[in-house]
Amino acid sequence: MSRLIPFFGFLLLVALFGFGIWWNTQHDQREVPSPLINKPVPSYALPMLDDPSHTVTRDAMLGKPYLINVFGSWCIACGEEHPVLMTQGKNIGVPLVGYNYKDTPENAKAWLSQHGNPYDMIIVDAEGRTAIDFGVYGAPESFLVDAKGVIRYKHIGPLTDQVIANELKPAIAALGREMP
Amino acid sequence: MRALSVMLAACLLVFTCPLLAQAIDPLPFKDHAEEVRFQQLTRELRCLVCQNENLADSNADLARDLRHEVFDQMQAGKSDAQIKQYLVDRYSDFVLYDPPVKPGTLLLWFGPLAMLLAGAGVVIFTVRKRARAPMPIDSATTDQGEDW
Amino acid sequence: MTPELGQLALILALLLALAQAILPLIGAWRGNRALIAIARPAAAGQAVFVGMAFLILVNAFLHFDFSVRYVADNSNLALPWYYRIAAVWGAHEGSLLLWITILNVWTVALAALSRHLPEVFVARVLGVLGLVAVGFLAFILFTSNPFLRVLPMPADGGDLNPVLQDPGMTFHPPVLYMGYVGFSVAFAFSIAALLGGELELAWVRWARPWTNIAWGFLSAGIVAGSWWAYAELGWGGWWFWDPVENASFMPWLVGAALVHAQAVTEKRGSLRAWTILLSIFAFSLSLLGTFLVRSGVLTSVHAFASDPRRGLFILCFLAVVVGGSLLLYGLRAPKVVGGKPFAVTSRETAVLIGNLMLTVAAAMVLLGTLFPLIGDALNLGKVSVGPPYFGFLFTLLMLPVVLLLPFGPYLRWGRSDIPPLKQVLWRAGLGALACAIVAAIVSDGRAKAIAGVGAAVWTGLGTVLYVVKRWREMPRGRRYPAEMAGMLLAHFGVGVFLAGVLLSESLSVERDVRMAPGETQVIGGYEFRFDGVRETTGPNWKADQGDVTVTRSGSPVAVMHPQKRLYSRGQVQTESAIDPGITRDLYVALGEPMDPEHAEGAWALRLYHKPFIRWIWLGGMLMMLGGFVSAGERRFRAQRSTASARDGVAATLKESGA
């Protein structure tokens, strides 16, 4: 009977691989879950794209929830996501803050004027230094920050109608329920 | 879904195949010992946008940014453990090539030991069983060199 | 020749493989001599058609047939002819065609060199090989056809990944596959033995040379891959415990255990079941490796493009072949404990301990490689498993093996005396200790250098002591039978390898520096003078080439030319300059100009001094040599035993009541 142990062990392995193949069709292998969920948004002080002399800080943004969307003019997937933001940006119920990542203001402005500007406000992180605090490793990425300055949801990759309907809006609604 | 993951991959790919960013990145170390420490540390950290490369060898922009971050922290006097923790706080345990010993990795770290103990048990059992059997006389102590 | 002929050839090959698989196995079961006799011709036929298909693909590459999608994707008009040949196996579909071609090489060799073996047994072995071939041919034809057309035909193709445009890459896959695929022979022997109820107890002796040669090729293949990574990937590393590397290393570890277990079973009759199980494990790991690198289940620099459909196909194939053989093992493995007994102090025990460590090491590598997947399945969170894990545990597990190694030849079968062993212990031990002390002084107390020298001398001297003993005690012509010579070479190779790894890891110096033309940096006692960068061209690339003059205490050593190449399709490749040496490598990689506008100014360079790094591959090649030499043992060769061949068939006929 013990001679069948390798056989049963192998069946477990096959099950694991079958799971792996299936899992791969559902997820992007390179998605790294963020350790910042339910942690305070990192403190930041970044200039606005339209008015570089004006610095936006975390503390100044407290009091209302908002969605940060990390993008860059160099990023192809951001171009895919853009139409979705243009149509849905007004509907999500919270301000949409563009986070211009590793870009130049000229390129960013040109890109926005070409494709349209869905953002209520755009902050600039040209070097990407602050983005490290956010755990950003690519674009696009989106962070939902609540009124108390806590990150409640992160999405890696382009936002789609599906993701907005199934994940983002419910997360925003949950925030709304918490409000006194 | 597949198309989008391809898009994401494409974006990350822009980071991994830049024509300019390079892993070769002279930094102003105080001395060679500090450089060696930096090399060892960045070899243990993972480049998140790459297909299984460490920070020391990756050409990606993000890898260069993180290397500079590590360097700055070293200059600020932080220890290896503090630097690693800093990155783990932002990027999760995934950024460490040396998986931490925690409940989720007990199987990983102690599985081989368990297998070794089980196997050793089998070997001991087998050897004892064989050693107990009557030994024929031809296994004598003289070695004519034919014992092959 | 049109590519459609290639596809047709594969279809015919598949049909012949089906014949080769099914008919002889039925024949062996039923004692039907006509069906048994089909095995060799069917195998030959399959080989002819697979060979044709392979040559047709090579031809398509050589003649720039971009109407074939695989050719268009992996080559272009500027690619030199030798890399166009390498491009045949540069991507997924072609590498599978290489796989099946090499399977046929082994099958034909076996069919030709097994005339002295019982026909029934050979029929079973060829039948099993046929089954494997059926799986791969089906996989190729249904999911990974290299002969698919792309219409309209593009004017020029893509490119072979520049990283693969290197001589190392040309050799690495064929040699590696010779090893990987070669374990199918040991596997087929074991399955044949299980199916036949081990009627012929000598089957292990027949299997040994095939196994040794396969293991030798695998050793060479791994060495080639490691050397290629060192030369091409630009960062001077030679092993990263990447999933694809691990996929080739696991069969190697199990193969090493198998080679020893087969020796025990052949000579002493013991450990029969274990030997069979190990040969199933070895080939299963080969198939597993094939699965892992193509299914997309793991992340690796080296993985082929993934596709869930392909992954599923291979998984089913894996399940059938491995699952079937493990089930067969579970049901039919020898239950009676056979063979000669042995004492605690005996070669058998040492082999068992070695087998234990090697097998656990392979299991550990498997665990670490699969753990990210396990973590996802069990929701344990996303972790990375890399060199700190593998290197640490592997070293721990190999420690007992290294300690036991010198005793191997001195131990005797059955029961060993202690005095000769004590003598080895003292002599090799003292030698190791003395050299370790020297190393401690010379290297300034570096732990790895001391350990490396100690371990290398322990194993190397222990092996040499035995060589001397045989020389003294045996008459000429009987001193070193091939099997023993192979063992001594391989064991000595282990010592050389240990020295290479530990010394290079401990003593290597790497520095990233900015250098203006004319500046000099000193690394490891060598002066590197940077003489600027100029432009140069190759067949399908343009490059910035640096000139670095190396001197040592003023006397010239080498002029090195690191390059940054821009290939015709836009890919950038760093071609590092290496000055090889027996005692050290010098390695220079060119980075970026400090000011992109001024390429005539300062540049970033990475300079390395790597002592003894070539010993790593030298050790590996000695192990390969050991495998090949031991396969030449006279005892393994054909004997005029047609009597036993007839008896084999007669016995089967009687058994099946014919």
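Attention here is on the structure that accompanies the text. Since this is a predicted model, take the numbers as computed values, not measurements.

Cut-offs and rules
- Residues numbered from 1 in each chain as written.
- Chains lettered and ligands numbered in written order.
- Predicted model: local features only at pLDDT ≥ 70, side-chain atom pairs only at ≥ 80, totals over all residues.
- Heavy atoms only, no water.
- Helix = DSSP H or I, 4+ residues; strand = E, 2+ residues; numbered from the N terminus.
- Buried < 20%, exposed > 50% of the residue type's maximum accessible area, 1.4 Å probe, protein only.
- Areas by Shrake-Rupley, 256 points an atom, 1.4 Å probe, with all protein chains shown as cover.
- Rg over C-alpha atoms; globule rule 2.2 N^0.38 Å.
- Contact = heavy atoms within 4.5 Å.
- Buried area = accessible area lost by both parts, 1.4 Å probe.
- Salt bridge = Lys/Arg side-chain N within 4 Å of Asp/Glu carboxyl O.
- Polar contact = N/O pair within 3.5 Å; in protein donor to acceptor, adjacent residues only side chain to side chain.
- Nonpolar A, V, L, I, M, F, W, Y, C, P; charged D, E, K, R; others polar.
- Pairing = 2+ DSSP bridges.
- Axes fitted to C-alpha atoms, helices over the stretch in contact; angles between N-to-C directions.
- Core = buried A, V, L, I, M, F, W, Y, C linked by side-chain atoms within 4.5 Å.
- 1 Å grid on protein atoms, 1.4 Å probe; cavity = no way out; pocket = protein on both sides within 12 Å on 5 of 7 lines; lining within 4 Å.
- Points joined across faces, edges and corners; volume = space filled by probe spheres on them.
- Disulfide = S-S within 2.5 Å.

## Description of the overall build of chain B
For step 1, the next point in the chain: Per the secondary structure count, chain B includes 5 helices and 0 strands.
For step 2, the next point in the chain: Taking all 148 residues of chain B together, the buried fraction comes to 49%.
For step 3, the next point in the chain: Only carbon and sulfur atoms are counted for the fraction: they give 63% of the accessible area of chain B, which is about 7,100 Å².

## As for the overall build of chain C
For step 1, the next point in the chain: When helices and strands are tallied, chain C shows 19 helices and 10 strands.
For step 2, the next point in the chain: Taking 26 Å as the expected radius of gyration for a compact globule of 658 residues, we find that chain C reaches 27 Å, a close match to that expectation.
For step 3, the next point in the chain: Judged by the C-alpha coordinates and their principal axes, chain C covers about 90 × 75 × 55 Å.
For step 4, the next point in the chain: Burial analysis of chain C (658 residues in total) assigns 63% to the buried set.
For step 5, the next point in the chain: Of the contacts made within chain C by residues no fewer than 6 positions apart, 74% connect residues no fewer than 24 positions apart.
For step 6, the next point in the chain: Accessible surface, chain C as shown: approximately 24,300 Å² in total, 67% of it carbon and sulfur.

## So, the interface of chain B and chain C
Accessible area lost when the parts come together is the quantity often used to give the size of an interface.
For step 1, the next point in the chain: Counting residues at the interface gives 56 residues for chain B, matched by 76 residues for chain C.
For step 2, the next point in the chain: Taken over both partners, the interface formed by chain B and chain C buries close to 5,500 Å², and the fraction arising from carbon and sulfur atoms is 63%.
For step 3, the next point in the chain: In this structure, the connection of chain B to chain C is made through 2 salt bridges.
For step 4, the next point in the chain: For the salt bridge of Glu35(B) with Arg511(C), the shortest nitrogen-to-oxygen distance reads 2.9 Å.
For step 5, the next point in the chain: On the surface where chain B and chain C come into contact, there are 15 residue pairs in polar contact (both at pLDDT 80 or more).
For step 6, the next point in the chain: Broken down by secondary-structure element, the contributors of at least two residues to the side of chain B that touches chain C are α2 (32-43) and α5 (106-132) of chain B.
For step 7, the next point in the chain: For the side of chain B that touches chain C, the element with the most residues is α5(B), which contributes 15 residues.
For step 8, the next point in the chain: Across the side of chain B that touches chain C, the residue classes break down as 26 nonpolar, 16 polar and 14 charged.

## What to know about the pairing of strand β6 (residues 563-567) of chain C
Two faces make up the sheet, and in a regular strand the side chains alternate between them.
Residue and element names in this part refer to chain C.
For step 1, the next point in the chain: Burial analysis of β6 places 4 of its 5 residues in the buried class, which makes it a mostly covered element.
For step 2, the next point in the chain: Bridge analysis of β6 against strand β7 (residues 572-575) gives 4 bridges, and the strand direction is antiparallel. Its bridge partner being in β7, Leu566 is matched across the sheet by Val572.
For step 3, the next point in the chain: The antiparallel pairing of β6 with β7 creates a hairpin that spans 4 residues between the two strands, and Gly570 there sits at a positive phi of about 95 degrees.

## Overview of the sheet that holds strand β10 (residues 603-611) of chain C
Residues and elements named next belong to chain C.
For step 1, the next point in the chain: As summarised here, the arrangement of the 4 strands in space is β1-β10-β9-β8, forming an open sheet in which the pairing is antiparallel. Since the sheet does not close on itself, it has two edges, and those belong to β1 (509-515) and β8 (577-579), each with one partner. Here the average twist between neighbouring strands, direction ignored, is 20 degrees.
For step 2, the next point in the chain: Where β1 meets β10, 7 bridges bridge the pair, whose relative direction is antiparallel.

## Considering the nonpolar core
As a rule of thumb, soluble globular proteins bury nonpolar side chains together.
For step 1, the next point in the chain: Grouped together as the largest cluster of nonpolar side chains are 204 residues, with contacts concentrated most on Trp99(C), Phe189(C) and Phe291(C).
For step 2, the next point in the chain: The element contributing the most residues to this core is helix α13 (residues 347-377) of chain C, with 17 residues.
For step 3, the next point in the chain: Not counting the four nearest positions on each side in its chain, Trp99(C) is found in contact with Val132(C), Phe136(C), Tyr177(C), Tyr180(C), Val181(C), Phe283(C), Leu287(C) and Thr290(C).
For step 4, the next point in the chain: Within the second largest apolar cluster, 77 residues are counted, among which are Val56(A), Ile68(A), Cys78(A) and Val70(B).

## What to know about the sheet that holds strand β6 (residues 141-145) of chain A
Residue and element names in this part refer to chain A.
For step 1, the next point in the chain: Read from one edge of the open sheet, 5 strands run β5-β4-β3-β6-β7, paired in mixed fashion. Of all strands in the sheet, those with a lone pairing partner are β5 (121-125) and β7 (151-156), marking the two edges. Taking the axes of each pair of neighbouring strands and ignoring which way they run, one obtains an average angle of 20 degrees across the sheet.
For step 2, the next point in the chain: Here strand β3 (residues 66-71) pairs with β6 via 5 bridges, running antiparallel.

## Some details on the interface of chain C and chain A
For step 1, the next point in the chain: With 32 residues of chain C at the contact, the number on the chain A side is 20 residues.
For step 2, the next point in the chain: Each partner contributes to the roughly 2,200 Å² buried at the junction of chain C and chain A, and carbon and sulfur atoms together form 78% of this total.
For step 3, the next point in the chain: Viewed at the interface, chain A and chain C are joined by 0 salt bridges.
For step 4, the next point in the chain: Between chain C and chain A we count 1 residue pair in polar contact (both at pLDDT 80 or more) in total.
For step 5, the next point in the chain: Every element with two or more residues in the side of chain C that touches chain A is listed here: α11 (272-295), α12 (308-332) and α13 of chain C.
For step 6, the next point in the chain: Top contributing element to the side of chain C that touches chain A by residue count: α12(C), with 12 residues.
For step 7, the next point in the chain: Here the residues of the side of chain C that touches chain A sort into 23 nonpolar, 6 polar and 3 charged.

## Side note on the side chain of Arg124(C)
All names here are of chain C.
For step 1, the next point in the chain: One can find Arg124 in helix α7 (residues 119-143).
For step 2, the next point in the chain: Its relative accessible area of 10% is what places Arg124 among the buried residues.
For step 3, the next point in the chain: A polar contact is formed between the side chain of Arg124 and the backbone oxygen of Ala28, at a distance of 3.5 Å.
For step 4, the next point in the chain: Excluding residues that lie within four positions of it along the chain, Arg124 makes contacts with Leu25, Ala28, Trp29, Ala192, Leu195 and Gly196.

## Thoughts on empty space enclosed by the protein
For step 1, the next point in the chain: Overall, the coordinates contain 6 cavities of 30 Å³ or more when judged by the stated rule.
For step 2, the next point in the chain: Lining the second largest cavity are Ala23(B), Asp25(B), Phe29(B), Glu35(B), Phe38(B), Gln39(B), Thr42(B), Ala56(B), Arg67(B), Glu510(C), Asp512(C) and Arg606(C).
For step 3, the next point in the chain: Of all the secondary-structure elements, those providing two or more residues to the lining of the second largest cavity are α2 of chain B together with β1 of chain C.
For step 4, the next point in the chain: Counting residues per element, the lining of the second largest cavity draws most heavily on α2(B), at 4 residues.
For step 5, the next point in the chain: Class assignment of the residues belonging to the lining of the second largest cavity gives a composition of 4 nonpolar, 2 polar and 6 charged.

## Overview of unusual backbone geometry
For step 1, the next point in the chain: The amide bond that connects Ala139(A) to the next residue, Pro140(A), takes the cis arrangement and shows omega of -5 degrees.
For step 2, the next point in the chain: Position of Pro140(A) among the secondary structure elements: in the loop between α4 (129-134) and β6.
For step 3, the next point in the chain: Cis geometry marks the peptide bond from Leu151(C) to Pro152(C); its omega dihedral reads 0 degrees.
For step 4, the next point in the chain: Among the secondary structure elements, Pro152(C) is positioned in the loop between α7 and α8 (167-195).
For step 5, the next point in the chain: The phi angle at Asn38(A) is positive, at roughly 65 degrees, despite the residue not being glycine.
For step 6, the next point in the chain: Along the chain, Asn38(A) turns up in the loop between α1 (5-26) and β1 (45-47).
For step 7, the next point in the chain: The backbone phi angle of Phe64(C) is positive, close to 55 degrees, even though this residue is not glycine.
For step 8, the next point in the chain: Checked against the element boundaries, Phe64(C) lands in the loop between α3 (39-62) and α4 (69-74).

## Some points on the environment of Ile437(C)
Residues and elements named next belong to chain C.
For step 1, the next point in the chain: By the secondary structure assignment, Ile437 is in helix α15 (residues 418-442).
For step 2, the next point in the chain: Take Ile437: its relative accessible area is 48%, and that puts it in the partly exposed class.
For step 3, the next point in the chain: When the C-alpha atoms of Ile437 and Ile450 are compared, they prove to be 7.4 Å apart, with 13 residues separating the residues in sequence.

## Topic: the state of the cysteines
For step 1, the next point in the chain: Scanning the model with the defined rule gives 2 disulfides over all chains in all.
For step 2, the next point in the chain: Paired by a disulfide, Cys75(A) and Cys78(A) hold their sulfur atoms 2.3 Å apart. Taking the sign of the torsion about the S-S bond as the criterion, the disulfide between Cys75(A) and Cys78(A), at about 90 degrees, is right-handed. Cys78(A) carries the same exposure label as Cys75(A), and that label is buried.
For step 3, the next point in the chain: Each sulfur in the disulfide pair Cys47(B) and Cys50(B) lies 2.1 Å from the other. Classification of the bridge connecting Cys47(B) and Cys50(B) rests on its S-S torsion, roughly 60 degrees, and on that basis the disulfide is right-handed. Each member of the pair, Cys47(B) as well as Cys50(B), is classed as buried.

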